[in-house]
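# Structure assessment
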Amino acid sequence: NYFSPNWFDLHWSPWISFEANKSEWRILPKEPGLYRVRAEYGNSLVYIGETGRTLRERLSALRKGAL
């Protein structure tokens, strides 16, 4: 299941909404890494990516472009 927190034997952080407040985003890792984007409604992944920036920076940039 690609929504599993241990998908492909990798440890994934909890799902965070693009609309979450800053305190909720603090649980995101501060390192570069892999990330998954899923639709809020439905049962599919929208995007899987890798970033050399921190995950917070990358997801923040995606959020700004998505809203």
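This text goes with the structure placed above it.
Described in the following lines is the structure provided in the data block. Given the structure is predicted, the values throughout are model-derived calculations rather than measurements. (Residues numbered from 1 in each chain as written. Predicted model: local features only at pLDDT ≥ 70, side-chain atom pairs only at ≥ 80, totals over all residues. Heavy atoms only, no water.)

### Focus: the side chain of Arg 36
Following the sequence through the fold, Arg 36 ends up in strand E1 (residues 33–38). Here Arg 36 occupies a buried position and makes no salt bridge, while the nearest side chain of opposite charge, Asp 9, is found at 12 Å. A distance of 2.6 Å separates a polar atom in the side chain of Arg 36 from the backbone oxygen of Tyr 2. Reaching out from Arg 36, the side chain makes a polar contact with the backbone oxygen of Ser 4 at a distance of 3.2 Å. (Helix = DSSP H or I, 4+ residues; strand = E, 2+ residues; numbered from the N terminus. Buried < 20%, exposed > 50% of the residue type's maximum accessible area, 1.4 Å probe, protein only. Lys, Arg positive; Asp, Glu negative; His and termini not counted. Salt bridge = Lys/Arg side-chain N within 4 Å of Asp/Glu carboxyl O. Polar contact = N/O pair within 3.5 Å; in protein donor to acceptor, adjacent residues only side chain to side chain.)

### A short note on the nonpolar core
Counting seven residues, the largest nonpolar core is built from Ala 20, Trp 25, Leu 28, Tyr 35, Val 37, Leu 55 and Leu 59. Residue assignment for this core shows that the elements contributing at least two residues are E1 and helix H2 (55–66). With residues up to four places along the chain from it excluded, the contact list for Leu 28 reads Ser 13, Ile 16, Arg 56 and Leu 59. (Core = buried A, V, L, I, M, F, W, Y, C linked by side-chain atoms within 4.5 Å. Contact = heavy atoms within 4.5 Å.)

### Details of the side chain of Thr 51
Considering the arrangement of structural elements, one finds Thr 51 in strand E2 (residues 45–51). Taking relative accessible area as the criterion, Thr 51 reaches 8% and is therefore assigned buried. Residue contacts for Thr 51: discarding those within four places in its chain leaves Pro 32, Gly 33, Tyr 35 and Arg 58.

### A closer look at a nonpolar patch on the surface
A contiguous nonpolar patch, built from Phe 8, Leu 10 and Leu 34 and spanning about 310 Å² of accessible area, is present on the exposed surface. Examined against the element boundaries, Leu 10 turns out to sit in the segment before helix H1 (22–25). A relative accessible area of 37% means that Leu 10 is categorised as partly exposed. (Patch = residues over 30% accessible without salt bridge, like charges linked within 9 Å, V, L, I, M, F, W, Y side chains within 5 Å. Areas by Shrake-Rupley, 256 points an atom, 1.4 Å probe, with all protein chains shown as cover.)

### Things to note about the pairing of E1
Direction of pairing for E1 relative to E2: antiparallel, over a ladder of six bridges. Bridging across to E2, Tyr 35 finds its partner in Gly 49. Linkage of E1 to E2, two consecutive antiparallel strands, is achieved through a turn of six residues, within which Gly 42 is found at a positive phi near 110°. (Pairing = 2+ DSSP bridges.)

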